[in-house]
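# Structural characterization, general
Listed here are the chains, written in short residue letters.
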Amino acid sequence: RPHFVADPTDLNMFEDESVDEVECSPPLGRTDTPELARALQEWYRVLKCGGALSLVCHEALADWVGKTAFSEVKRLPADRAMGQTPGCVRLHCVK
């Protein structure tokens, strides 16, 4: 259960490096967009060093996310029980 729900492109209520974990739900689409780029910047900004971002996205977008500033991006098996569609992967990104 989330502790906080917000517009991922504007997390100004959080200070820099003040959050241990961010979980993005529902799954992201297939393409990178300016909004997704802003969301990734905000998630990275608010995460503490060693903090983690968990998200589900299409395989094509996973490669793009993997090129961001996160120090580690792991691809985990898709979890069909959670409603993930074919072609999607779960990513665990560590700052």
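Quick summary incoming for the structure in this document. These numbers come from a predicted model, not from an experiment. (Residues numbered from 1 in each chain as written. Predicted model: local features only at pLDDT ≥ 70, side-chain atom pairs only at ≥ 80, totals over all residues. Heavy atoms only, no water.)

Next up on the list: the pattern of salt bridges. Under the definition given, this model contains eight salt bridges. A salt bridge links K48 to D20; the shortest N-O distance between them is 3.3 Å. One end of the pair, K48, is in strand 2 (residues 47-58); the other, D20, is in strand 1 (residues 19-23), with 28 residues separating them in the sequence. By relative accessible area, K48 is classed as partly exposed at 32%. (Salt bridge = Lys/Arg side-chain N within 4 Å of Asp/Glu carboxyl O. Helix = DSSP H or I, 4+ residues; strand = E, 2+ residues; numbered from the N terminus. Buried < 20%, exposed > 50% of the residue type's maximum accessible area, 1.4 Å probe, protein only.)

Turning next to the packing of aromatic side chains. Each aromatic ring pair is summarised here by two numbers: the centre-to-centre distance and the angle between the ring planes. Scanning the model with the defined rule gives two aromatic pairs in all. Where F4 meets F14, the ring centres are 5.1 Å apart and the plane angle is 80°; that geometry is what we call edge-to-face. Of this pair, F4 sits in the segment before strand 1 while F14 sits in the segment before strand 1, and the two are ten residues apart along the sequence. Between Y44 and F70, the ring centres sit 5.2 Å apart and the planes meet at 80°, which makes this aromatic pair edge-to-face. With Y44 in helix 1 (residues 34-46) and F70 in the loop between helix 2 (59-65) and strand 3 (72-76), this pair connects stretches of sequence that are 26 residues apart. With relative accessibility at 7%, the residue F70 sits in the buried group. When the ring centre of Y44 is taken as origin, the NZ or CZ atom of K95, which lies over that ring, is 4.5 Å away. (Phe/Tyr/Trp six-rings, centres within 6.5 Å; stacked < 30°, edge-to-face > 60°. Lys NZ or Arg CZ within 6 Å of the ring centre and 35° of its normal.)

Each turn of an α-helix holds 3.6 residues, which means side chains three or four residues apart point in the same direction. With 13 residues, helix 1 extends 19 Å between its outermost C-alpha atoms, agreeing within 8% with the 18 Å of an ideal straight helix rising 1.5 Å per residue. Turning to helix 1, its buried residues are L36, A39, L40, E42, W43 and V46. All buried residues of helix 1 lie within an arc of 165° about the axis, which places them on one face of the element. Residues of helix 1 that are exposed and point more than 90 degrees away from the buried face comprise P34 and Q41. Tucked into the core, helix 1 has its buried residues touching strand 1, strand 2 and helix 2. (Expected span 1.5 Å × (residues − 1). Arc of directions from axis to C-beta. Contact = heavy atoms within 4.5 Å.)

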